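Letter by letter, the chains look like this.
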Amino acid sequence: MTTATINSIASSAQPESASGTNDHISALRFITCGSVDDGKSTLIGRLLVDSRAVLQDHLAGVQRGGETDLALLTDGLSAEREQGITIDVAYRYFATEARKFIIGDAPGHEQYTRNMVTAASQADAAVVLVDATKLDWQNPQLTLLPQTRRHSLLVHLLRVHSLVFAVNKLDAVADPQLAYRHIRAALEQFARHAGIAVAGVVPVSALKGWNVVEAKPGWCDYAGPSLLQILERLPNTPPDAGLPLAFPVQWVEKFSSSSDTSQGRRVFWGRVGTGRVQPGAQVAIFPSGQLAQVAQVLDHARRATGVAAGQSAGITLDREVDVSRGDWIVAAPAPAAAAEDDFDTPVTVPAWPGQREITATIAWMDDEPLVAGRVYWALHGHRWVKVKVRRVVHRLDINTLAEEDATQLEPNAIGHVELLLQEPLPAAAFARSRVLGSLILVDTASHKTAGAVLVNAPAPKA
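Residues numbered from 1 in each chain as written. Predicted model: local features only at pLDDT ≥ 70, side-chain atom pairs only at ≥ 80, totals over all residues. Heavy atoms only, no water.

Under an unreviewed UniProt entry, the name given to the protein chain is sulfate adenylyltransferase, and the source organism is Diaphorobacter nitroreducens.

(A) Structural detail: the overall build of the protein chain. A tally of regular secondary structure across the protein chain gives seven helices and 27 strands. Taking all 462 residues of the protein chain together, the buried fraction comes to 51%. Considering only contacts within the protein chain whose residues lie at least 6 apart along the sequence, 70% involve residues at least 24 apart. Accessible surface, the protein chain: about 20,300 Å² in total, of which carbon and sulfur atoms supply 50%. (Helix = DSSP H or I, 4+ residues; strand = E, 2+ residues; numbered from the N terminus. Buried < 20%, exposed > 50% of the residue type's maximum accessible area, 1.4 Å probe, protein only. Contact = heavy atoms within 4.5 Å. Areas by Shrake-Rupley, 256 points an atom, 1.4 Å probe, with all protein chains shown as cover.)

(B) How the structure looks around the sheet that holds strand β12 (residues 282–286). With antiparallel pairing, the six strands of this closed barrel are ordered in space as β9-β10-β15-β13-β12-β16. Direction aside, the axes of adjacent strands within the sheet are offset by 45 degrees on average. Bridge count for strand β9 (residues 246–254) against strand β16 (residues 328–331) is three bridges, and the pairing is antiparallel. Note on β16: the bridge partner recorded for Pro248 is Trp328. (Pairing = 2+ DSSP bridges. Axes fitted to C-alpha atoms, helices over the stretch in contact; angles between N-to-C directions.)

(C) How the structure looks around the environment of Arg302. Secondary-structure assignment places Arg302 in the loop between β13 (291–298) and β14 (307–308). The class for Arg302 is partly exposed, based on a relative accessible area of 45%. Sequence spacing of Arg302 and Gly314 is 12 residues, and the spatial spacing of their C-alpha atoms is 7.8 Å. When residues no more than four places from it in sequence are discounted, the contact partners of Arg302 are Glu253 and Trp269. A distance of 2.7 Å separates polar atoms of two side chains, one belonging to Arg302 and the other to Glu253. (Polar contact = N/O pair within 3.5 Å; in protein donor to acceptor, adjacent residues only side chain to side chain.)

(D) Quick peek at helix α1 (residues 40–50). The buried fraction of α1 is high, at eight of 11 residues. Of all the positions in α1, only Lys40, Ser41, Leu43, Ile44, Gly45, Arg46, Leu47 and Leu48 are classed as buried. Tucked inside the fold, the buried residues of α1 contact β1 (28–34), β4 (90–95), β5 (100–105), β6 (125–131) and α7 (227–233).

(E) Region of the structure containing the environment of Leu396. Relative to the helices and strands, Leu396 resides in strand β22 (residues 383–396). Between the C-alpha atoms of Leu396 and Ile414, which are 18 residues apart in sequence, the distance is 5.6 Å. The contacts of Leu396, once residues within four sequence positions are left out, are Leu153, Leu401, Ala402, Glu403, Ile414 and Gly415.

(F) Broad picture of helix α5 (residues 146–157). The end-to-end C-alpha distance of α5, which contains 12 residues, comes to 16 Å, matching closely the 16 Å that a straight helix rising 1.5 Å per residue would cover. Most of α5 sits out of view: nine of its 12 residues are buried. Among the residues making up α5, those that are buried are Gln147, Thr148, Arg149, Arg150, His151, Ser152, Leu153, Leu154 and Val155. At the exit of α5 stands Arg159, carrying a positive phi of roughly 60 degrees. (Expected span 1.5 Å × (residues − 1).)

(G) Broad picture of unusual backbone geometry. Following Phe286, the chain continues into Pro287 via a peptide bond in cis, with omega recorded as 20 degrees. Tracing the backbone shows Pro287 in the loop between β12 and β13. Even without glycine at this site, Lys169 takes up a positive phi of about 65 degrees. Here Lys169 is to be found in the loop between β7 (162–168) and α6 (176–194). A positive phi angle, close to 70 degrees, is found at Asn412, a residue other than glycine.

(H) Quick peek at the pairing of β13. Note: β12 against β13, three bridges, orientation antiparallel. Paired with Val283 across the strands is Ala292, a residue of β13. Where β12 folds back onto β13 in an antiparallel hairpin, the turn is made up of four residues, including Gly289, whose phi is positive at roughly 85 degrees. Pairing between β13 and strand β15 (residues 312–317): four bridges, direction antiparallel. By the bridge assignment for β15, Val297 is matched with Ile315.

Here's what the structure looks like:
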């Protein structure tokens, strides 16, 4: 698997336009996740077929024993088709009269958790499937599968805006109504305990299509909307437009032959992480601290305009400033409110101060356990720095949600750590900013993605 950053510049869905029309900016990006063989690929296949997003010749190519295998519509790798499992994230597109959708089919196996995290990091919503046949559905105090808990916690930690539980395969149990009631109670109790907001709990049969696209009133004593009807109403993830400007520079376009000396002769391209950039704004360059003024802002079509968080932009400054890929263009420092008797108060306060020591929640993905003292590459925006694991603080028990003392994190574990960075980064709490609060760790030898890091706060001084 190639290294993928949580802050990738792949296009993401933005809030619906003022006109409310079904255009590209109202598309909902969602993923399906959960345990192995819960029916995620089959559910997506059902959504595609029943919404008439699949051509007849494509359906003819996914036949097994004379019947359509809906899972093959997303499982495109030869290894996936041979083994009957999902390995990598498969993206599909479809549209209804009310909404456009981009679906990511995430794998359920623990060893492919890193692929699921990559997909969830860019999602507006997540559909967590629960296989009723794998649970002790007759027991009112039934226990959910570990992977159901793990994926629910991960999408919550990654600030996925909406989560929907789809209880699948209820057509295969003796008493669907009782099974749905017990499973729904267990899911709601888990969500309350974990602090997860749930947009809906829907009984479905992906194989038969019940409550997937069309509602099946009365089945399982459920009278609510179908899964697709819920998805059509979910909001997009709101951009962090109300925060100070933070712009990670991805590419520098040079116009050194230009004779115009009234402004800088380079355009800095990237995606606005937070805030809004417009001509005349006072900015600072991180890490150099140089100050400048924005002379021109170009959108993705090279039109001169202001650009808000979540959109691509090209920035030209009023003078030549040393800016390279990996640097950040941020809002200029604000004047500090100094007390009369305080001689240590700085004159200005940076909008996004550099951090070298942070505490973080981490989803560990490497085959080797995470232990204190190990050194990794960290990618933040488009900037690479070395990072040392100073301490493993806790490991999260996905069954009880309790924080356990730990000295290491095993593969696919979730825990809290303290990190020491070789160079400062404008890192902020993930709860405040998805872009500034996320990093990935990469093994220095194998170059494999090792962990997904969600910043909590600056670490306490040792």
